[in-house]
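# Commentary on secondary and tertiary structure
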Amino acid sequence: MTDKELGFVRRYIFSTDHKIIGIQYILTGFLMALVGGALAMMMRMQIAWPGRQWGFLEALFPNGMAGGIMTPEFYISLVTMHGTIMVFFFISYVLVSGFGNYLIPVQIGARDMAFPFLNMLSYWLAALSALVMLASFFAPGGAAAAGWTAYPPLSAIASAVPGSGLGQTLWLLAMALFIFSFTLSGLNYIATILSMRAPGMSMWRLPLTVWSYFVSAVVGVLAFPPLTAAAIMLLFDRHFGTSFFLPDGLVVAGEHLPHQGGTPLLWQHLFWFLGHPEVYVLILPALGVVFDILPAFTRKPVFGYRMTAWCYLAIGALGMIVWGHHMFVSGMNPYSGEYFSIMTMVITIPSAIIGVNMLGSVWGGSIRLKTPMLFALGLIAFFGTGGFGGIFLGNATADIQLHDTYFVVGHFHFMIGGVTLLGTYAAIYFWFPKMFGRMMNETLGKIHFWATIVAFYSIFLTQHFIGLAGTPRRYYAFIDYEFLAPMRGMQTFVTFAAFVMGAAQLLFAVNFCWSLLKGRKAGVNPWRATTLEWTLPSPPPHGNWTGELPTVERWAYEYSADEAEEDFTGQTVDASSVPVTF
Amino acid sequence: MADDNSQGRFEAIAVGLLFMVLAVAMVALGSRDWLPELASRHGAGVDKMLVYLLVTTGAMFLVGHFVLGFFVWRYTRGGGVQNRMASPKMERNWSIALGLLMTLVAEGGVLAIGMPTWTEYFASAPPGDALTVEVTPEQFAWNVRYPGADGVFGETDSSLIELNNPIGVDPEDPRGKDDYTAINQIHVPVGRPVRVRLRSKDVIHSFFLPQFRVKQDAVPGMTIEVWFVPTKTGRYELPCTELCGLGHYRMKGFFNVLTAEDFETWKSETFAAEEVG
């Protein structure tokens, strides 16, 4: 069916076209990022100037900012909702669902996903879950406030904290919907990649982006459903008197509770069985897109293609069995701590190999410093920084001091904040011309890059040191503790850097909208890249290939081959014309 | 596409310097105030682990950033640079080299430095002469109990918890008659192992003594023991590090480490003066 036969609604709203669905995810994700980012700014204001009056915020949040002063319960709602929105509703939507949907079919030579209707359903479930999550803000008592990890009993007992009333219920429902949607789309990814590849597109000819989405989807499909089960169990604990996560003898706010026989540790195991693999679900696609972007801007093949794909698989498998490193001081048996410590350190090996492969891909190239390349280079640096912080936290002995401090905040922001954010931006600047047929503005893009990377280092590298000093996270204010007094100046510095970071993202939004309407027209292949999507018109029509499907003749990164006429050779170019280097 | 290359000289230097200098400068600036002064014996092991990691991963951090910065600066230039292609052998060798390096640094650190400290303090029984203190946090205070002269805690029952019996000590139990309770104040002698017996009344809290490198969650329904040896006298702050509700940030206790004589004096003055039941 071509575009012309469909009405506006079927074409752009209830569309089954994977490209439209991808763009829907991307736009939804960025809207959520605006919310999540604004929450972060409010948190940083409170940390730098605890208890100061901000009159203009009272109109927006009459309860949480009564009299313009933030209440402690509102602060922990901000912490909770910022984390949840950014991890699940921004990075997941834009990078995993958005670009995954957009890129997989066009990169493997398929007309659409394996199950286009299911794909549309996934998006609308995801949109619904985002709405339910936002509704949490309007619940009596305020939004969920038990942290993005929602540890019971805090999340299980309505009297434990104001937000653990209806706000927490909505949070749990939204998470269950999110995982349901994510599982559907993960199955779709796996089916598409395994069964819809164009003739000649063997697994070892897939771009690394597709490899990363494949592993990410497998990990997601295996690791996420336990949290749906856990969320339902927690809803039962909250509303129907069960005690999966609640032991006997609880006395909250002077009230004796009738629960017996459960344990809060069960939730932690189930949560981190999702929570840790989630990190890899998000990071692998960021690494994947960067391996596609680097060769286009160095004009040479990626370094260590096969090894990188194997490392994805290794990280995916290992990522499923190390969740306990979030629980070293949880009261779990200390001997399991030793197991989780040793296994976690094993992950550093494939991660280091991926790191050296990214560096190797830059080595000896003819680098063009376009905006997507800048973000890709930034990602390499962040991957190192975040990875090294992970070695501290995965080590049980070091984690005694660092657990639940700002060191953790700094570390995971480099990993699931920074690596994924830079991967997302690299992907947007790179594929924007394909998606919308126009180029993004380079000057604005470069300012965006510089402000983002300098501010990001200032915020989150600094937080590592604030954490080493023992600063606990999720604190409304640090005024009561003498041993934290030396850190106050650094906290204020972080807040200023956070505002720079926030302003830079608004600049990106301006660039995005302006380029959408006024950007320079892009041709079919503005970056002169090799993968299949660059043979399609920009933007590609519904169904992608109007005629026959392409036949793939060679691997994904044939740049600067000796006997080729140009410095790149697309995957569909007849194999007899130049040697196939892989 | 020659135009792509000619514009890049200044920018290449800027981006190269970014990776080479900026990150390094931040580390240098940030590392002034790290780690509060040490006041426990096993803390030396934790610090050794942290220093080992800071040195090894710090070196890799610097080298990694420097190499990236150098590559950007070196390989961004106008005119036909001949691309250097990697041979499969080179790719394999670098993977093996990095794999080995990470195995050595990461696993080596865990096994050689980390595990001995971890095992001694978090997976072994405390010495026989340890002083036992029970800490039962609630929103938002630390209930502290000493077993008294008989060295045995009386039974507790959460159904007995009320305003003036915050942890539900059973008044019928003779062993509990001499138990001494306090709020937000822990007193211990220096140099003697302290066994902290952690419970919780309501939600998860976390017992954190930054100067002692001690952190352990207090989980409702569980009794978790952690032990350590204070090596320095003083009055130390005890923050909570597991999000426990709106008062989480001001759930402050004090950990007072006294000399042996001062501790005996404190004990004889306070234990006798106040008994439960």
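Residues numbered from 1 in each chain as written. Chains lettered and ligands numbered in written order. Predicted model: local features only at pLDDT ≥ 70, side-chain atom pairs only at ≥ 80, totals over all residues. Heavy atoms only, no water.

## Overview of the pairing of strand β8 (residues 224-228) of chain B
Residues and elements named next belong to chain B. Extensive coverage of β8 is indicated by the burial of four of its five residues. Across five bridges, the pairing between strand β5 (residues 194-198) and β8 is antiparallel. Bridge pairing in β8 links V196 to V226. (Buried < 20%, exposed > 50% of the residue type's maximum accessible area, 1.4 Å probe, protein only. Helix = DSSP H or I, 4+ residues; strand = E, 2+ residues; numbered from the N terminus. Pairing = 2+ DSSP bridges.)

## Let's talk about the side chain of S206(B)
Residues and elements named next belong to chain B. Relative to the assigned elements, S206 resides in strand β6 (residues 205-209). Within the structure, S206 has its side chain in polar contact with the side chain of T241 (distance 3.2 Å). Setting aside residues no more than four positions away along its own chain, S206 makes contact with W142, K215, Q216, D217, A218, P239, C240, T241 and E242. (Polar contact = N/O pair within 3.5 Å; in protein donor to acceptor, adjacent residues only side chain to side chain. Contact = heavy atoms within 4.5 Å.)

## Side note on empty space enclosed by the protein
Counted by the stated rule, this structure contains four cavities of 30 Å³ or more. Empty space within the largest cavity amounts to approximately 70 Å³. Lining of the largest cavity is provided by A146(A), T149(A), Y151(A), P152(A), P153(A), L154(A), R474(A), V203(B), I204(B), E242(B) and L243(B). Looking at the lining of the largest cavity, its residues break down into eight nonpolar, one polar and two charged. (1 Å grid on protein atoms, 1.4 Å probe; cavity = no way out; pocket = protein on both sides within 12 Å on 5 of 7 lines; lining within 4 Å. Points joined across faces, edges and corners; volume = space filled by probe spheres on them. Nonpolar A, V, L, I, M, F, W, Y, C, P; charged D, E, K, R; others polar.)

## Description of the state of the cysteines
Two cysteines form a disulfide when their sulfur atoms are joined by a covalent bond. Residue and element names in this part refer to chain B. In total, this model carries zero disulfides over all chains according to the counting rule given. Not part of a disulfide, C240 finds its nearest cysteine sulfur in C244, a span of 4.0 Å. On the accessibility criterion, C240 (0% relative accessible area) is buried. (Disulfide = S-S within 2.5 Å.)

## Concerning the confidence of the model for chain B
Residue and element names in this part refer to chain B. Here chain B shows a mean pLDDT of 88. Residues at 70 or above account for 92%. Under a pLDDT of 50 for its full length, residues 1-6 has, in the predicted model, 10 contacts with residues more than four places off or in other chains. Here the complex is predicted with pTM 0.94, and the ipTM for its interfaces comes to 0.93. (pLDDT = per-residue confidence, 0-100.)

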